[in-house]
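Here is how the chains run, residue by residue.
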Amino acid sequence: MNEPVLPPIGMLAELTHRCPLQCAYCSNPVELLKANREMDTAGWLSLFEQAADLGVLQVHLSGGEPTLRADLGELIACLARRGVYTNLITAGVGIADGRIEAWADAGLDHIQLSFQGAFAATTEKIGNSRGAHEKKLETARRVRAAGLPLTINAPIHRHNMEEVPDFIELALSLGAERLEIANVQYAGWALLNRKALMPEREAVERQVQIVEEAQERLRGIMTIDFVTPDYFAIYPKPCMGGWARDAFMVAPDGTVLPCHAAGTIKSLHFERFGDWSLSRIWHESSAFNAFRGTSWMQEPCRRCERQEIDWGGCRCQAMAIAGDAAATDPACIKSPLHARMGALINEAISTKTADTTPDAFTYRRIGRVTEPMV
Amino acid sequence: MTHASRVRAVVSMQSRPILKSHARLQYDTVREAWALLSPERVFWPNEVSLDILRLCDGRHSVAQMISLLADQYAADEAEIAPDVTGFLQEWSDKFLVTL
């Protein structure tokens with residue numbers, strides 16, 4: 001590590017692991033934290049103050065379901081006071097009257113609302129929650145009425161990929177400025193459910209065409225951000241923009257991690273905010289320095305001309321599939337293990353039942369501590 | 001459900017651009033630079049971009065903006081006009097500016 005460590009720009013704050021939905025594609029860790037492990041209001045306020053001092057410009061308030069925190073308005077107000085851009089990432093079910101307006105008044109900048117399906121039946125099935133779709137539609141209307149900008153987030157997998165054109169229509173009808181078509185990343189619960197979630201190659205190719213056509217057709221009308229599926233890729237994504245390069249995340253108990261799945265790399269040790277200051281964690285934590293920059297890289301990354309484009313890809317995916325967190329992300333065609341991605345797709349598809357209902361889902365619930373079998 | 005009511009905004013000399021409510025221009029004291037904050041992204045506009053963005057207040061028309069910028073840079077209006085309109089169209093398409 002010869003390069004100086006620059007200040008972080010973005011922070012993902014997972015305020016809680018509690019959630020009214022039970023989505024099988026959730027990227028939260030399989031071992032979810034109960035409410036009594038959550039950092040208290042004073043802890044989060046102190047963390048946000050230190051984050052602003054350190055140079056954080058954007059905070060994504062997420063979870064779990066962040067609106068289950070009664071102190072959310074207070075947290076938003078603190079960030080707004082410091083000029084930090086706040087983005088609330090919510091499932092949008094069961095938000096009490098007046099709260100969205102109160103968050104807007106507190107200085108909330110933007111809301112990202114997830115839809116598990118473009119239709120009620122799909123949303124209910126994926127989230128295992130009756131009536132969720134109607135509640136989300138109502139939340140979207142209240143967000144617009146409160147004058148807040150809206151992004152619709154659609155996490156995509158085998159069970160809703162055919163609804164991509166309908167997600168686009170839905171987002172337009174709700175007056176969203178932005179739509180994220182985000183193919184799920186296989187971490188946490190999604191990794192546990194990989195076989196049940198993996199799409200077929202032809203469906204992925206159709207999806208790419210549909211999204212690219214819509215991006216062109218809707219230029220200047222609605223932005224569509226497309227998160228492509230790793231397993232079908234040629235080159236990996238620059239996960240988190242590079243490990244500990246300009247962003248980090250904080251778990252509900254205040255543990256600070258370079259990315260939300262980093263806990264799956266068991267050789268790393270992560271510090272808790274409070275035990276260490278945020279600045280010390282960012283600069284000195286061994287976990288943050290483990291894969292910073294390029295000096296940790298092995299072949300083929302070490303001599304790759306793309307090393308500062310994708311930063312070796314996703315460390316957690318390397319861990320999950322190559323069994324070595326310092327390996328090249330197997331999503332990369334240059335990885336000796338790239339063929340495993342194709343094999344995992346084929347394995348998932350070949351074991352798929354004719355019935356398309358997701359009976360095989362292990363729904364996300366607090367208290368389940370089964371480790372995923374990879 | 002239809003998107004017929006929503007059409008792409010196209011820049012004209014009469015447009016009075018204004019920064020979108022979800023985009024915020026602010027000075028970052030840590031990096032000592034101007035940042036444009038938006039959902040998911042932070043932009044670091046250069047000096048020329050900054051001068052254009054500062055005029056995106058909903059009061060100045062594009063024609064007035066070009067005239068002011070031409071004065072500021074001692075340049076010919078006709079010469080800078082395509083750069084200014086091109087910039088505004090691009091930033092409108094990126095949902096950072098309302099035309």
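Cut-offs applied
Residues numbered from 1 in each chain as written. Chains lettered and ligands numbered in written order. Predicted model: local features only at pLDDT ≥ 70, side-chain atom pairs only at ≥ 80, totals over all residues. Heavy atoms only, no water. Buried < 20%, exposed > 50% of the residue type's maximum accessible area, 1.4 Å probe, protein only. Helix = DSSP H or I, 4+ residues; strand = E, 2+ residues; numbered from the N terminus. Arc of directions from axis to C-beta. Contact = heavy atoms within 4.5 Å. Core = buried A, V, L, I, M, F, W, Y, C linked by side-chain atoms within 4.5 Å. Pairing = 2+ DSSP bridges. Patch = residues over 30% accessible without salt bridge, like charges linked within 9 Å, V, L, I, M, F, W, Y side chains within 5 Å. Areas by Shrake-Rupley, 256 points an atom, 1.4 Å probe, with all protein chains shown as cover. Salt bridge = Lys/Arg side-chain N within 4 Å of Asp/Glu carboxyl O. Axes fitted to C-alpha atoms, helices over the stretch in contact; angles between N-to-C directions.

1. Considerations on helix H2 (residues 62–72) of chain B
Residue and element names in this part refer to chain B.
Here is step 1 of the chain: Along H2, the positions that sit buried rather than exposed are Val62, Met65, Ile66, Leu69 and Ala70. Angularly, the buried residues of H2 cover 130 degrees about the axis, an arc narrow enough to put them on a single face.
Here is step 2 of the chain: Against the buried residues of H2 lie helix H1 (47–54) and helix H3 (77–93).

2. Here we look at the nonpolar core
Here is step 1 of the chain: In terms of nonpolar packing, the biggest core is built from 115 residues, with Met11(A), Trp44(A), Phe48(A) and Leu61(A) touching the most fellow members.
Here is step 2 of the chain: In terms of residue count, helix H1 (residues 41–54) of chain A provides more of this core than any other element does, seven residues in total.
Here is step 3 of the chain: Leaving out residues up to four positions away in the same chain, Leu61(A) has contacts with Ala13(A), Leu15(A), Phe48(A), Pro66(A), Leu72(A), Ile76(A), Leu79(A), Asn87(A), Leu88(A) and Ile89(A).
Here is step 4 of the chain: Residues Leu19(B), Ala23(B), Leu53(B) and Met65(B) belong to the second largest nonpolar core, which totals 22 residues.

3. Thoughts on the sheet that holds strand E1 (residues 10–14) of chain A
All names here are of chain A.
Here is step 1 of the chain: On the basis of which strands lie adjacent, the open sheet formed by nine strands has the order E7-E6-E5-E4-E3-E2-E1-E8-E9 and mixed pairing. Each edge of the open sheet carries a strand with a single partner, namely strand E7 (223–227) and strand E9 (256–257).
Here is step 2 of the chain: Relative to strand E6 (residues 178–183), strand E5 (residues 150–156) runs parallel, the two being bridged by six bridges. Following the sheet pairing, Asn153 is matched in E6 by Glu180.

4. Looking at a nonpolar patch on the surface
Here is step 1 of the chain: Taken together, Ile234(A), Tyr235(A) and Ile333(A) make up a surface patch of nonpolar side chains, about 290 Å² in accessible area.
Here is step 2 of the chain: Residue Ile333(A) is classed as partly exposed on the basis of its relative accessible area of 47%.

5. Quick notes on the sheet that holds strand E2 (residues 24–28) of chain B
Residues and elements named next belong to chain B.
Here is step 1 of the chain: Strands sit in the order E2-E3-E4 across an open sheet of three strands; the sheet is antiparallel. Since the sheet does not close on itself, it has two edges, and those belong to E2 and strand E4 (41–43), each with one partner. Direction aside, neighbouring strands of the sheet carry axes that sit 35 degrees apart on average.
Here is step 2 of the chain: Looking at chain direction, E2 and strand E3 (residues 33–38) are connected through five bridges and run antiparallel. Pairing of Leu25 across the sheet is with Leu36, part of E3.

Keep in mind these values describe shape, not function.
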